[in-house]
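# Examination of the molecular architecture
Now for the letters of each chain:
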Amino acid sequence: GESVGLHLPTLSVQEGDNSIINCAYSNSASDYFIWYKQESGKGPQFIIDIRSNMDKRQGQRVTVLLNKTVKHLSLQIAATQPGDSAVYFCAENINQAGTALIFGKGTTLSVSS
Amino acid sequence: GAGVSQSPRYKVAKRGQDVALRCDPISGHVSLFWYQQALGQGPEFLTYFQNEAQLDKSGLPSDRFFAERPEGSVSTLKIQRTQQEDSAVYLCASSLRGHVSGANVLTFGAGSRLTVL
């Protein structure tokens, strides 16, 4: 089975709200995690990443939180905008040359005005 | 080029036909990955190249799937005797160095959507 999964397949929010997208992983050896955004008809686009030696990392309007104790990852989007509507995937990786990212199923974020 | 380019963007094949999907990675990128994305699912790893060497093909679902990158740049994913279950988006990604890390993220192309009738 998949080693990365998501708690909710869909999330609907109002413009301006904060969004939280969750992800659970099962591989204890994973030490690098990435959030990708995928819009319809496009490939996944990098949003933010975090290493396992950190528990929080902030970007522009986005924050990723990592809880290694419960193997949980979340993506927080502040002041969500209609342009944030997309499918969001978390992905994990083991810091080893040549290893591939493993993706979860994704959460569809819908932002209404 | 500025990004990862894939062609064709859309391909319709009759069951049993062979198809070839092309990926032009970002110039100078060492690593190249192929992923398969079924409708409503996350991308699933197929195979990985470092330059021209195919270092991991553990994700290829059957021996009908074959990938190559003969000169360490452009890659082709070939699917022989296509089946309906092969219908998916095939994504190519590249990265500058040999492994994924904070300074070496994967950049994805828009994908090739294959529909097998």
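The following paragraphs examine the structure supplied in this document. Predicted model only: the values in this text are computed from it and were never measured.

### Some points on the state of the cysteines
Here a disulfide denotes one covalent bond, and it connects the sulfur atoms of two cysteines. All names here are of chain B. Within the structure shown, the criterion is met by 2 disulfides over all chains. Each disulfide pairs two cysteine sulfurs, and for C23 the partner residue is C92, the sulfurs being separated by 1.9 Å. On the sign convention where negative is left-handed, the bridge of C23 and C92, at about -70° about the S-S bond, is left-handed. You can see C23 sitting in strand β3 (residues 19-24) and its partner C92 sitting in strand β9 (residues 88-95), a full 69 residues away along the chain. Judged by relative accessible area, which is 0%, C92 ranks as buried.

### Brief notes about the interface of chain B and chain A
In this assembly, 22 residues from chain B lie in contact with 24 residues from chain A. Taken together, both faces of the contact between chain B and chain A bury some 1600 Å²; the carbon and sulfur share is 55%. Seen at the junction of chain B and chain A, the total is 4 residue pairs in polar contact (both at pLDDT 80 or more). If you list the elements that add at least two residues to the side of chain B that touches chain A, you get β4 (31-37) and β5 (44-50) of chain B. The class makeup of the residues in the side of chain B that touches chain A is 11 nonpolar, 9 polar and 2 charged.

### A short note on the sheet that holds strand β1 (residues 5-7) of chain B
Residue and element names in this part refer to chain B. In space, the 4 strands of this open sheet follow the order β1-β3-β8-β7, with antiparallel pairing throughout. Looking at strand neighbours, the two that pair on one side only are β1 and β7 (65-68), the edges of this open sheet. In this sheet, adjacent strand axes meet at a mean angle of 15° when their direction is disregarded.

Rules and cut-offs
- Here, residues in each chain are numbered from 1, in the same order as that chain's written sequence.
- Working convention: letters from A go to chains and numbers from 1 go to ligands, in the order in which they are written.
- In keeping with the model being predicted, local features are shown solely for residues with a pLDDT of at least 70 and side-chain atom pairs are shown and tallied solely at 80 or more, while totals for entire chains, interfaces and linings include all residues.
- Side-chain descriptors were evaluated using all non-hydrogen atoms of the structure, hydrogens and water having been removed beforehand.
- Note on terminology: disulfide denotes any pair of cysteine sulfur atoms within 2.5 Å.
- A run of DSSP states H or I qualifies as a helix once it reaches four residues; a run of E qualifies as a strand once it reaches two. Both are numbered from the N-terminal end.
- We call a residue buried when its accessible area falls under 20% of the maximum for its residue type, exposed when it is over 50%, and partly exposed in between, using a 1.4 Å probe and counting protein chains only.
- Note on definitions: a residue-residue contact is assigned when non-hydrogen atoms from the two residues lie within 4.5 Å.
- The term buried area means the drop in 1.4 Å probe accessible area that two parts suffer when joined, counted for both and summed.
- Nitrogen and oxygen atoms within 3.5 Å of one another constitute a polar contact, given that in protein one can donate a hydrogen and the other can accept it, and given that sequence-neighbouring residues count only through two side-chain atoms.
- Each residue gets one of three labels, nonpolar for Ala, Val, Leu, Ile, Met, Phe, Trp, Tyr, Cys and Pro, charged for Asp, Glu, Lys and Arg, and polar for the others, Gly among them.
- When DSSP locates at least two bridges between a pair of strands, those strands are taken to pair.
- Orientation is described by lines fitted to C-alpha atoms, with helices fitted over the stretch in contact, and by angles between N-to-C directions that extend from 0 to 180 degrees.

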